[in-house]
There are 2 protein chains.
Amino acid sequence: MANALAASGVTLVGGKEWPGGDDGFRAHDPRSGEETGPVFYTADARAVSAAISHAQAAFARAGGSAPIDALLAVADLLDDHATQIVAQSAVETGLTRERLAGEVARTSGQLRFMAELARRGERLDATIDRADAAAGRPELRRVGMPIGPVAVFGSSNFPIAFSVLGGDTASALAAGCPVLVKAHESHPATSELCGRLMVRALEDCGYDQGWFALLQGRSRALGQGLAGAPQIRAVAFTGSLQGGRALFDAANRRPDPIPVYAEMGSSNPVFVTAAAAKRRGGRIADALAASLTGSAGQLCTKPNLIVLADGPDGEELERVLAAAFAAQPVQPLLNRQVRDGFLASMRAASALEDVVALSAQAGEAGGTRNLALTSSSTSEAEGSFVVGGTLLGASLEALLFHETLRAEHFGPGGVVVRCREEDFTKVAERLEGSLTATIHLETEEALTWSALVALLASKAGRVIVNGVPTGVAVVRAMHHGGPYPATTSARDTSVGAAAIDRFLRPVCFQDVPDALLPPALRDGNPLGIWRRVDGELTGPASAV
Amino acid sequence: MANALAASGVTLVGGKEWPGGDDGFRAHDPRSGEETGPVFYTADARAVSAAISHAQAAFARAGGSAPIDALLAVADLLDDHATQIVAQSAVETGLTRERLAGEVARTSGQLRFMAELARRGERLDATIDRADAAAGRPELRRVGMPIGPVAVFGSSNFPIAFSVLGGDTASALAAGCPVLVKAHESHPATSELCGRLMVRALEDCGYDQGWFALLQGRSRALGQGLAGAPQIRAVAFTGSLQGGRALFDAANRRPDPIPVYAEMGSSNPVFVTAAAAKRRGGRIADALAASLTGSAGQLCTKPNLIVLADGPDGEELERVLAAAFAAQPVQPLLNRQVRDGFLASMRAASALEDVVALSAQAGEAGGTRNLALTSSSTSEAEGSFVVGGTLLGASLEALLFHETLRAEHFGPGGVVVRCREEDFTKVAERLEGSLTATIHLETEEALTWSALVALLASKAGRVIVNGVPTGVAVVRAMHHGGPYPATTSARDTSVGAAAIDRFLRPVCFQDVPDALLPPALRDGNPLGIWRRVDGELTGPASAV
């Protein structure tokens, strides 16, 4: 049975409401553009300092263990309060309730998944090399240990799954690191509700409240302060290239640099071969239209660039895709900044030579004006954050020449290029790092595309054949990352089991008595985990 | 049978001698300070550019596979030519032949170890999650793939094991990444000999010569150029804090930042409890004296700070240690810069209030003048790089106050502090990140030291009980790294199996046909490696 849960405009430190702060602000309802909900205040330096002190104390007391039960408890609380949280976040984000309900389920599942990984010690890489007297070698044992307090910056586009209780928080806690969340200023009330659930879960399970803090705010100083705080050992961020890079630079300017795991913009190119377009162009067009416009195109893995094999089937695919775009209703974007950014980026792209608008979009009044390309749209001045989808067509030459056409357009927009299949490689070579890269091909031609697939694998964190990149499964084999500018750490992922690795640091113990070893390394294997002993994997029942 | 091998003063690019270059220089014999060997030239921008082109071509042709046979072949060649390489490096480094022979064996063993890890796919983290139609989830497969060309900066203090054919090169090649080595300017001829062996190994095994290049040089511009080259995907470095940080900063200023894995300075504190000093103070003192002065104290893991429990046993331990220091012969340091740095750092420390010299050291002429503390030493002006060992004693207050006393003194020197056992924690808390931390204790008191051991584990990459930190075994459980300033990436190690991880980037494949997958992920498991399938580890004989 869910207890009552309400947002009152607070920052949460040490399990308590933190009074006051700097710079009051309110959320906006994207459908109207009007303010909504209580006034929130940007957490001040004292709040940050107190949260860090609590986190350090909790970390020291935990002795390397993770608050696994709290992960499970908050997952249940989240499910119990799904209706309230969905309703609150719908008001603050303009996203549909269906989409947000999916996000709640994803988030609670992810919390349970991380708890299970922590329980199994799966990412600890526990390794034991016994002493070798003949070689004069001591006994060495190595295991991943939590690094300490972590700052998590919630995203704008996933108010639940990449925010307060999202993947970064879940994986940091599963590693055993206390978390200070900087809530995104677009959905502070949703963040508060989620934060209150975490406070309750920690309390219910008897954990220290220092494991978690929720810092509200919209100032750049707050972010920079967190990235620069001596006690913060890593930063996780989901958002824009500009925001991620600013944190990355701040963290690297420290006397003692710390890692910043920023997941940022991404082009997510999609290639469609002539054979695929011929066999199933219509289905591909429908899938792409949904992928480009779902959640108003505000997904990190949304395709921004569609490269079609030229010819009648490619032309037909383009036509169907454009028609599907035109048939989409207008949608609100997350906030004014996202809206303005989307409109600016689509207008800049559409103004280039050899670029044409492929879809005209229904406006608010039901007309066919293309909102995104009309500079004096009524939606832009003061009103709602609603925009229409925009599909542009560009020539190969324009694409290769203009970076704008290869960039991310965060919102329901994209660029289509038709070119010879022989030129697919030329396009791929020109692309920067990306979270994903997709190719639609037919089975019988698969081997002829092996070089392109290898090239795409060198540019992206995930390569998809005959699917869409939107939809990021929370499983062990997921990699949600990629070369810069997709992320600031190409080795790392913010989704899936390996997300935990970011918050662990291996420590080697040489000839350390059993009683002083972390449990994962003790002779008797008290955690019952897989370990590598003298080079071979040994199971949960194996002792040394 | 070893072929003739001689250094002629060259940079090696594409398997060939690269003519000319900028800025001629020669090595120095540290025992005399005089120039020795042929003139070498700093590789110019054209050489770097050519080496990168070769590396990119080799990488593209390899399709993700590692040159495993070349690692094995060069290991054999190295052993075959051990006598020549030891003789050459003794002249250029002043290190003993015994020590250098050990380095050759360590290096060839490390090359074979890395080849074996590559063959077993041990660090690939190959993971398969099969499709789940009910959950609407595609098939996802994830594996570590090589990142591309890597720049390796050889160290001054390990002319063989952390240089041209050292751990960074071996682990990068084992990952499947071509390597451009920037040889250390103190031992260019040793580097050339090792480089020639790699060229021969690649040739013998039929590999592309683009896998390896050896760039000689002593200019800062060369290093910055490598760290800034767009095609270089990572940097590995062993050396000073100043040098490592400069590369780190350069790499982070790039439009697309790349990781710099720099292993730098380290304090390597050692604590000795009262019980341990009482039971075996003499043996501990002897072990410490050898650890502080072996290889003239020029090891990354050399203890710089010895913290003794005060009392008669601690005093006696200090006395024996000082006597052992005084009995050590003088030794040459690696080069003029190392010598000057050592002398300056010991003088700065000894000039502080509450700091005294505990050992007077035999000088060149057989006197007892302490060379390191005598500002007008004859050795310093133009002559040899020979110095004597220097042991300082400091008060607890001085140690806590002066950073100089907690820093690395690269050379045969250290600082001893006696204090109450209750103050060990205070000292540990004040320390920065370190490669190692050691405590000598007695078994029966072990549990009383658990908090200190946990604190040391939070500061160091390796925690040692009742041993010395010098001696870094090349095994899976080794971690040779630690929090800044020990390294620029606390998660990573430059020794042991996990060294490979630095050069792999996971890529996820979604619904990709078997024939287009990397071999590690194919249904039939053609590489015969351990993989995690649907959450469970499966062995080398398991297919999907």
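Residues numbered from 1 in each chain as written. Chains lettered and ligands numbered in written order. Predicted model: local features only at pLDDT ≥ 70, side-chain atom pairs only at ≥ 80, totals over all residues. Heavy atoms only, no water.

Enquirer: I would appreciate a short explanation of the environment of A296(B) in the present structure.
Expert: All names here are of chain B. Looking at the element boundaries, A296 is found in the loop between α9 (274-293) and β13 (305-309). Classification of A296 by relative accessible area gives buried; the value is 1%. For the pair A296 and G176, spaced 120 residues apart in sequence, the C-alpha separation works out to 36 Å. (Helix = DSSP H or I, 4+ residues; strand = E, 2+ residues; numbered from the N terminus. Buried < 20%, exposed > 50% of the residue type's maximum accessible area, 1.4 Å probe, protein only.)

Enquirer: For this particular structure, what's the right way to read the sheet that holds strand β20 (residues 460-465) of chain B?
Expert: Sheets are built from strands paired through backbone hydrogen bonds, the pairs being either parallel or antiparallel. Sheet architecture is open: twelve strands sit in the order β23(A)-β22(A)-β5(A)-β6(A)-β21(A)-β20(B)-β19(B)-β12(B)-β13(B)-β18(B)-β17(B)-β15(B), paired in mixed fashion. Each edge of the open sheet carries a strand with a single partner, namely β23 (536-538) of chain A together with β15 (355-357) of chain B. Sheet twist, expressed as the mean angle between neighbouring strand axes with direction ignored, is 25 degrees. Bridge count for strand β6 (residues 140-146) of chain A against strand β21 (residues 504-510) of chain A is seven bridges, and the pairing is antiparallel. Bridged to R142(A) within β21(A) is C508(A). Running over the sheet, α9(B) touches β12 (270-272), β13, β17 (390-394), β18 (413-419) and β19 (434-440) of chain B and is turned about 150 degrees from β12(B). (Pairing = 2+ DSSP bridges. Axes fitted to C-alpha atoms, helices over the stretch in contact; angles between N-to-C directions. Contact = heavy atoms within 4.5 Å.)

Enquirer: Explain the interface of chain A and chain B to me, please; I cannot follow it from the model alone.
Expert: Interfaces are often sized by the accessible area lost when the parts come together. At the interface, 70 residues of chain A touch 70 residues of chain B. Carbon and sulfur atoms make up 57% of the surface buried where chain A meets chain B, a total of about 5,500 Å² over both sides. Contact with chain B buries surface across chain A, with R491(A), R505(A) and L516(A) losing the most and accounting together for 14% of the total. Taken together, the connections running from chain A to chain B amount to eight salt bridges. Between D125(B) and R123(A) there is a salt bridge, with its nearest N and O atoms 2.8 Å apart. Counting every contact that joins chain A to chain B gives 38 residue pairs in polar contact (both at pLDDT 80 or more). Within the residue set of the side of chain A that touches chain B, elements represented by two or more residues are β5 (127-129), β6, α8 (241-253), α16 (450-457), β20 (460-465), β21 and β23 of chain A. The leading source of residues in the side of chain A that touches chain B is β21(A), at seven residues. Here the residues of the side of chain A that touches chain B sort into 36 nonpolar, ten polar and 24 charged. Direction of pairing for β21(A) relative to β20(B): parallel, over a ladder of three bridges. Residue pairing for β20(B): C508(A) is matched across the bridge by R462(B). (Buried area = accessible area lost by both parts, 1.4 Å probe. Salt bridge = Lys/Arg side-chain N within 4 Å of Asp/Glu carboxyl O. Polar contact = N/O pair within 3.5 Å; in protein donor to acceptor, adjacent residues only side chain to side chain. Nonpolar A, V, L, I, M, F, W, Y, C, P; charged D, E, K, R; others polar.)

Enquirer: How should I be thinking about the pattern of salt bridges in this particular structure?
Expert: Oppositely charged side chains may form a pair once their charged atoms are brought near each other. Per the counting criterion, the structure on display carries 76 salt bridges over all chains. Put simply, R254(A) and D256(A) hold a salt bridge, and the shortest N to O gap is 3.3 Å. On the basis of relative accessibility, which here comes to 4%, the residue R254(A) falls in the buried class. Connected through salt bridges with shared partners, the residues E116(A), R119(A), R120(A), E122(A), R476(A), R532(B) and E536(B) form a single ionic network.

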